[in-house]
Amino acid sequence: MNPPLLWYFADPMCSWCWGFSPVIECVRDEYRERMKIALVLGGLRPGTSAPMTAAEREEILHHWHQVHERTGQAFRFENALPEGFIYDTEPASRAVVTAGTLDPALIFAMFKAIQTAFYAGGRDVTRPGVLAELAAGLGMDAQAFLRLFDSDDARARTRANFRQARQAGVRGFPALILQQGTQLHPIGNGWQPLDAVRAAIEARLAA
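Computed from a prediction, not measured in an experiment: that's the story for all the values here. (Residues numbered from 1 in each chain as written. Predicted model: local features only at pLDDT ≥ 70, side-chain atom pairs only at ≥ 80, totals over all residues. Heavy atoms only, no water.)

## Focus on the overall build of the protein chain
To be explicit about the condition: By the criteria applied, helices consist of DSSP H or I runs no shorter than four residues and strands consist of E runs no shorter than two, each listed in order from the N terminus. Between the two quantities, the radius of gyration covers C-alpha atoms and the globule rule is 2.2 Å times the number of residues to the power 0.38. The buried label applies to any residue whose accessible area, calculated with a 1.4 Å probe on protein chains only, is under 20% of its type's maximum; exposed applies above 50%, and partly exposed to all values in between.
Along its length, the protein chain carries eight helices and four strands. Since a compact globule built from 207 residues should have a radius of gyration of about 17 Å, the 17 Å found for the protein chain is in line with a globular shape. Once the C-alpha set of the protein chain is aligned to its principal axes, its extents read approximately 50 × 40 × 30 Å. Looking at the protein chain residue by residue over its 207 residues, the buried ones come to 46%.

What follows is the structure in C-alpha cells.
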C-alpha cells in the first residue's frame, strides 16, 4: 500500500495560513519519514479585479491583528494594503505552482517566501517582478521563472489546484486532509496548534 499522504490546502495570501506556517513546518519535519506531504493552492481570492475599499482593508487588518495575537507571527502593519491594492491571490498561487514545476523541492520554500514577503515585508506579491525576485532568491533563474509564470500551462495548473481544493470539500484555509489509500480523512480546518494537529494525525494513523 502507498504511504499515507497529507494534503495541505492553503493560499500564500491567507493570513491564517501565515499563522499556521510554523505548525506545518514542524509537521513536515516530524512526519517526513512516515508520510508524504503535498501542498495544494486553494485559491482564496483568485481573479479579484477591483481595488480594496476602506472597509475591506479595515476588516482584513483586523484579521491580521487576530492572527498576530494568536500565533505571534510577524506582520508589517504600517502602510499595509495601500490604497488601490487589488487583493488577487491568483498570481501568488501561480508563482508557487511555477516554482514547483521548475523544481518540486522548492514548492514549500516558495510558498513561505511569498508569505514572508507579503505579511512581514509589506511587499506587493501580486506583481510578477516581485515574485521573480523571490524565486531568484531561492536559486531559480528569474527569466525562466517569468516565462513559465506567464504561460497558459502555469495558469491551467493553478486552476487545477483550485479545482482540487473545491472537489475535496475545502471551504477555508488552512486545511489538512489525510489520504490513506482511497480514503480521505479531515485532520483539521483553520489554524490549530501543533499539539492538536499531531494528535489528530496520530489518531488517524493508529486507526
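## A few points about the environment of Gly139
Here Gly139 shows up in the loop between helix 5 (128-137) and helix 6 (142-149). Using a relative accessible area of 66% as the deciding quantity, one classes Gly139 as exposed. Each C-alpha atom, one on Gly139 and one on Leu106, is 9.4 Å from the other, the two residues being 33 residues apart in sequence.

## What to know about the nonpolar core
Just so we agree on the cut-off: We call a set of buried residues a nonpolar core when its members are Ala, Val, Leu, Ile, Met, Phe, Trp, Tyr or Cys and they connect through side-chain atoms within 4.5 Å of each other. Note on contacts: a residue pair is in contact if any heavy atoms of the two residues lie within 4.5 Å.
Core analysis: the largest hydrophobic core is formed by 66 residues, its most contacted members being Tyr8, Val27, Trp64, Leu81, Tyr87 and Val125. Here this core takes eight residues from helix 4 (residues 107-120), the largest share from any one element. Leave out the neighbours within four places in its chain, and Val27 touches Leu6, Ile37, Leu194, Val197 and Ile201.

## A short note on the pairing of strand 4 (residues 183-189)
Formally: Should DSSP find at least two bridges between two strands, the strands are regarded as paired.
As paired elements, strand 3 (residues 175-180) and strand 4 share six bridges and run antiparallel to each other. Within the sheet, the bridge partner assigned to Gln179 lies in strand 4 and is Leu184. Linking strand 3 back to strand 4 in an antiparallel pair, the connection comprises two residues, with Gly181 at a positive phi of about 65 degrees.

## Observations regarding the pattern of salt bridges
Under the convention used in this document: Each salt bridge in this description consists of a side-chain nitrogen of Lys or Arg and a carboxyl oxygen of Asp or Glu lying within 4 Å of one another.
Scanning all chains against the criterion turns up 10 salt bridges. Arg127 is paired through a salt bridge with Asp124; the nearest N and O atoms lie 3.0 Å apart. Between Arg198 and Asp195 there is a salt bridge, with the nearest N and O atoms lying 3.0 Å from each other. Of this pair, Arg198 and Asp195 both sit in helix 8 (residues 194-206), separated by three residues, roughly a single helical turn. Given the relative accessible area of 26%, Arg198 is considered partly exposed. Judged by relative accessible area, Asp195 falls into the exposed class, the value being 55%. Because the salt bridges share partners, they merge into one network encompassing Glu30, Asp195 and Arg198.

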